[in-house]
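These are the residues of each chain, in order.
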Amino acid sequence: MEHSNKESKYIRVKERVDELKKFYANLWSYIMVISALALINYLTNEFRYMWFLWAAFGWGIGVLFHAIGTFNLNPFFGKNWEERKIKELMEEDEKTKKWR
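## Remarks on the packing of aromatic side chains
Moving on, step 1. Following the criterion strictly, the structure yields 6 aromatic pairs and no others.
Moving on, step 2. Judged by centre distance (5.2 Å) and plane angle (55°), the ring pair of Tyr42 and Phe47 falls under tilted.
Moving on, step 3. Using a relative accessible area of 33% as the deciding quantity, one classes Phe47 as partly exposed.
Moving on, step 4. Aromatic pair Phe47 and Phe52: ring centres 5.8 Å apart, planes at 40°, arrangement tilted.
Moving on, step 5. Three or more aromatic residues joined by ring pairs make a cluster, and in this case those are Phe23, Tyr24 and Phe71.

Printed below as a string of structure tokens:
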């Protein structure tokens, strides 16, 4: 039983590390590509029209949502909400079973 718990915990931690690794890879790619686009933009028209900001904005929204998912920053449906709701529903289920 104890071995199973350790193995289960290891799997959860490994999944978390993989999730963090994917986020940091996405962030690093964002920084590198947007920097390269900014450099190209500067070299071609000296920022008279900063077109690289369109790519930065679009991809930045994706990175923001990826961060929200990775670090459980969602104030409405985050991990704490999920745990509270599970506990609430389990307690509600126990109450209804007592009266049957």
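Now that the structure has been shown, the text picks up again.
## What to know about the nonpolar core
The nonpolar side chains of soluble globular proteins are, as a tendency, buried together.
Moving on, step 1. Listed in full, the 8 residues of the largest apolar core are Phe23, Tyr30, Ile34, Ala38, Phe52, Ala56, Val63 and Ala67.
Moving on, step 2. When near neighbours in sequence (up to four residues on either side) are disregarded, Phe23 contacts Val63, His66, Ala67, Thr70 and Phe71.

## Re the side chain of Thr70
Moving on, step 1. With respect to the helices, strands and loops of the structure, Thr70 is situated in helix α2 (residues 52-70).
Moving on, step 2. For Thr70, a relative accessible area of 1% puts it in the buried group.
Moving on, step 3. In this structure the side chain of Thr70 is engaged in a polar contact, spanning 2.8 Å, whose partner is the backbone oxygen of His66.

## Describing the pattern of salt bridges
It is possible for side chains of opposite charge to pair when their charged atoms get near one another.
Moving on, step 1. Under the counting rule described, the total for this entry stands at 4 salt bridges.
Moving on, step 2. In this structure, Asp18 and Lys14 form a salt bridge, with 3.9 Å as the shortest nitrogen-oxygen distance. One end of the pair is Asp18 and the other is Lys14, both in helix α1 (residues 2-45) and 4 residues apart, which spans about a single turn.
Moving on, step 3. Since its relative accessible area comes to 28%, Asp18 is described here as partly exposed.

Thresholds applied
- Residues numbered from 1 in each chain as written.
- Predicted model: local features only at pLDDT ≥ 70, side-chain atom pairs only at ≥ 80, totals over all residues.
- Heavy atoms only, no water.
- Phe/Tyr/Trp six-rings, centres within 6.5 Å; stacked < 30°, edge-to-face > 60°.
- Buried < 20%, exposed > 50% of the residue type's maximum accessible area, 1.4 Å probe, protein only.
- Core = buried A, V, L, I, M, F, W, Y, C linked by side-chain atoms within 4.5 Å.
- Contact = heavy atoms within 4.5 Å.
- Helix = DSSP H or I, 4+ residues; strand = E, 2+ residues; numbered from the N terminus.
- Polar contact = N/O pair within 3.5 Å; in protein donor to acceptor, adjacent residues only side chain to side chain.
- Salt bridge = Lys/Arg side-chain N within 4 Å of Asp/Glu carboxyl O.

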